[in-house]
Amino acid sequence: MPIEIKIPTLGESIAGGLISKWHKADGEFVKNGDVLLTLETDKVAQDIAAESDGVLRHRAKEGDEVVVGALVAVIEEGAKSEVGIQESEIGSQKSVVEMPKPEVTPVAKEPQLKILPKPAEIEIQNPKSEPAIGRTTRKKMSPLRRKIAEQLVNAQRTAAMLTTFNECDMSAVMALRKLLQDDFVKKHGVKLGFMSFFVRAVVDALKVVPQVNARVDGDEIVTNHFFDIGVAVGTERGLIVPVLRDCDTKSFAAIEREISAYAMRAKEGKITLEDLTGGVFTISNGGVYGSLLSTPILNPPQSGILGLHAIKERPVAENGQVVIRPMMYLALSYDHRVVDGKEAVTFLVQLKDYMENPNRLLLEA
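Residues numbered from 1 in each chain as written. Predicted model: local features only at pLDDT ≥ 70, side-chain atom pairs only at ≥ 80, totals over all residues. Heavy atoms only, no water.

Engineer: Even after reading the chapter, I still don't get the packing of aromatic side chains, so can you show me in this structure?
Structural biologist: Within a pair of aromatic rings, the relevant descriptors are the distance that separates the centres and the angle that separates the planes. Applying the stated criterion to the full structure yields two aromatic pairs. Relative to F252, the ring of F197 has its centre 5.0 Å away and its plane inclined at 70°; by these criteria the two rings are edge-to-face. Residue F197 is found in helix α4 (residues 194–208), and its partner F252 is found in helix α5 (residues 252–267); the two are separated by 55 residues along the sequence. Of the two residues examined, F197 and F252, each falls in the buried class. Between the aromatic rings of F281 and F347, the centroid separation amounts to 5.6 Å while the plane-to-plane angle is 40°, which identifies the pairing as tilted. Taken as a pair, F281 in strand β18 (residues 281–285) and F347 in helix α6 (residues 341–356) lie far apart in primary sequence, 66 residues in all. Each member of the pair, F281 as well as F347, carries the same accessibility label: buried. Against the face of F194 rests R177, its NZ or CZ located 4.5 Å from the ring centre. (Phe/Tyr/Trp six-rings, centres within 6.5 Å; stacked < 30°, edge-to-face > 60°. Helix = DSSP H or I, 4+ residues; strand = E, 2+ residues; numbered from the N terminus. Buried < 20%, exposed > 50% of the residue type's maximum accessible area, 1.4 Å probe, protein only. Lys NZ or Arg CZ within 6 Å of the ring centre and 35° of its normal.)

Structure follows, in structure tokens:
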């Protein structure tokens, strides 16, 4: 009896997703544990694996939107692969040679004359493999991209969002990082980056200004007494925000290891739903792409997000003299319903003070 492959339960509030890629062809022999397809939801990408050996039969195609419980394939146990096998007999000896599956064009399948749509009506499902036709292409938004769009619009519609700016002299952090880097790598096996300094500085600033660590829930203000910090990561599928848990208890090395692990898992598409939930504050580093200044958008239901930017040498006044320093603009976007302007400025000033005197962070780590 064929083994049915159905869309599993993916997590709370996830009703289904989009089949973004089949990793095994229709009619191909698969083994138990082989990844069959990647399902992209509005939060994460989930790989679905084979549950037995046999020949795979697709019941859905790439680009289809499917719900939890939907039948997307079956595996016929004991059947032989139909993909790319040619048989040849030499004398009495028979050999089976694996050959690439020939590409069958629509014309080869259906030799009769076909009327092509106008270029503007053509939807290109996979722009990497299909040539662009006409002046534009059209592709359906992925569930994740739709969710990102909804979140961004919702944040601007429901929160009284405001952004306050400051700047930070990165000289001390850069010098300390250079001084400690070799020993840090030898001891912990990971590089000491700027992000661990900012995560620890944010935690300490949240302790000084707890209003930024609060959120609106109906007609109540909920103040968090824990420090789960989200770090925005750009992926091919869009921006995701994995969460570093209990950052007030973590060392610089632990923070750097978690950030490195999240970056690798995001690249491999292995971020889970649990990785993305529960953050109280977000840090977004547009500086890695060269951004000099921006106004980051809140990540609901959080009331604060810190935007980091490119480090640029600029002339600044110091003790009555003009000197060149590596400067970074800091941007704090916040929900004005919870955080007043005075509190937002205090938060940024506190953050700036920690970053310009990083020895304090190391002593408290």
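That covers the picture; the talk isn't over yet.
Engineer: I tried to follow the sheet that holds strand β1 (residues 3–6) on my own but got confused; where do I start?
Structural biologist: In any sheet, the strands associate via hydrogen bonds between backbone groups, in a parallel or an antiparallel arrangement. What the four strands build is an open sheet, ordered β1-β8-β6-β3; its pairing is antiparallel. Of all the strands in the sheet, the pair left with one neighbour each is β1 and β3 (29–30). Where strand β6 (residues 54–58) meets strand β8 (residues 71–76), four bridges bridge the pair, whose relative direction is antiparallel. Within β8, the residue paired with V55 across the bridge is E76. (Pairing = 2+ DSSP bridges.)

Engineer: Got a minute to help me understand the side chain of R57 in this structure?
Structural biologist: When you line up the elements, R57 lands in strand β6. Among the polar contacts made by the side chain of R57, one reaches the side chain of E76 at a distance of 3.3 Å. (Polar contact = N/O pair within 3.5 Å; in protein donor to acceptor, adjacent residues only side chain to side chain.)

Engineer: In this structure, what is going on with the nonpolar core? I would like to understand it.
Structural biologist: One broad rule of soluble globular proteins: the nonpolar side chains tend to lie buried together. Counting 54 residues, the largest nonpolar core has V202, I229, F281, L306, L330 and F347 as the members making the most contacts within it. Looking at which element gives the most residues to this core, the answer is α4, with nine residues. Once residues lying within four places of it in the same chain are set aside, the contact partners of F281 are V202, L206, V212, D228, I229, G230, Q302, G304, I305, L306, L332 and F347. (Core = buried A, V, L, I, M, F, W, Y, C linked by side-chain atoms within 4.5 Å. Contact = heavy atoms within 4.5 Å.)

Engineer: Is there a simple way to think about a nonpolar patch on the surface in this case?
Structural biologist: Taken together, the side chains of F165, L292 and L293 present a nonpolar region at the surface, about 270 Å² in accessible area. Structurally, L293 is set in the loop between β18 and β19 (304–308). We classify L293 as partly exposed; its relative accessible area is 47%. (Patch = residues over 30% accessible without salt bridge, like charges linked within 9 Å, V, L, I, M, F, W, Y side chains within 5 Å. Areas by Shrake-Rupley, 256 points an atom, 1.4 Å probe, with all protein chains shown as cover. Salt bridge = Lys/Arg side-chain N within 4 Å of Asp/Glu carboxyl O.)

Engineer: For this particular structure, what's the right way to read the pattern of salt bridges?
Structural biologist: Any two side chains of opposite charge can pair if their charged atoms end up close together. A full pass over the atoms with the stated rule returns 12 salt bridges. For the salt bridge of E318 with R325, the shortest nitrogen-to-oxygen distance reads 3.0 Å. The partly exposed category is assigned to E318, whose relative accessible area is 30%. Notably, a salt bridge pairs R360 with D353, separated by 2.3 Å at the nearest N-O pair. Overall, the relative accessible area of 29% leaves D353 in the partly exposed class.

Engineer: It is not clear to me how the environment of V55 should be interpreted in this structure. Could you clarify?
Structural biologist: In this fold, V55 is placed in strand β6. Between the C-alpha atoms of V55 and G27, which are 28 residues apart in sequence, the distance is 5.7 Å.

Engineer: Can you walk me through the environment of K352 in this structure?
Structural biologist: Structurally, K352 is set in helix α6. Separated by 185 residues in sequence, K352 and E167 place their C-alpha atoms 7.3 Å apart. Beyond its immediate stretch of four places on either side in the chain, K352 contacts N166, E167 and C168. A distance of 2.8 Å separates a polar side-chain atom of K352 from the backbone oxygen of E167. Polar contacts involving the side chain of K352 include one to the side chain of E356, which spans 2.9 Å.

Engineer: Got a minute to help me understand α4 in this structure?
Structural biologist: Every α-helical turn comprises 3.6 residues, leaving residues that sit three or four positions apart pointing alike. The end-to-end C-alpha distance of α4 is 21 Å, a good match for the 21 Å that 15 residues give at a rise of 1.5 Å each. Where burial is concerned, most of α4 is hidden: 12 out of the 15 residues are buried. Here α4 has its buried residues at M195, S196, F197, F198, V199, R200, A201, V202, V203, D204, A205 and L206. (Expected span 1.5 Å × (residues − 1).)

Engineer: Whenever I open this one, unusual backbone geometry confuses me. Can you help?
Structural biologist: Where the residue is not glycine, phi is negative for most of them; where a peptide bond is considered, it is trans in most cases. That bond from P300 to P301 is cis: its omega, 5°, falls within 30 degrees of zero. Residue placement: P301 occurs in the loop between β18 and β19. Of note, D246 is a non-glycine position whose phi angle comes to about 45°, a positive value. D246 sits in the partly exposed class, given a relative accessible area of 38%. Backbone geometry places N319, a non-glycine residue, at a positive phi of 55°.

Engineer: I'm lost on the packing of α4 against α5 in this one. Help?
Structural biologist: Contact pair α4 / α5: the axes reach a minimum separation of 9 Å and the direction vectors enclose 115°. The chirality of how α4 crosses α5 is right-handed. Between α4 and α5, the contacting residues are F194, M195, S196, F197, V199 and R200 on the first element and F252, I255, E256 and I259 on the second. Of the residues that constitute the contact of α4 with α5, the class distribution is seven nonpolar, one polar and two charged. (Axes fitted to C-alpha atoms, helices over the stretch in contact; angles between N-to-C directions. Left-handed = near helix turned anticlockwise from the far one by under 90°. Nonpolar A, V, L, I, M, F, W, Y, C, P; charged D, E, K, R; others polar.)

Engineer: Sorry, what's going on with the sheet that holds strand β2 (residues 16–22) here?
Structural biologist: On the basis of which strands lie adjacent, the open sheet formed by four strands has the order β5-β4-β2-β7 and antiparallel pairing. Single-partner strands in this sheet number two, and they are β5 (45–49) and β7 (65–67). With direction set aside, neighbouring strand axes in the sheet form an average angle of 40°. Bridge count for β2 against β7 is three bridges, and the pairing is antiparallel. Opposite G16, over in β7, you have V67 as the bridge partner.

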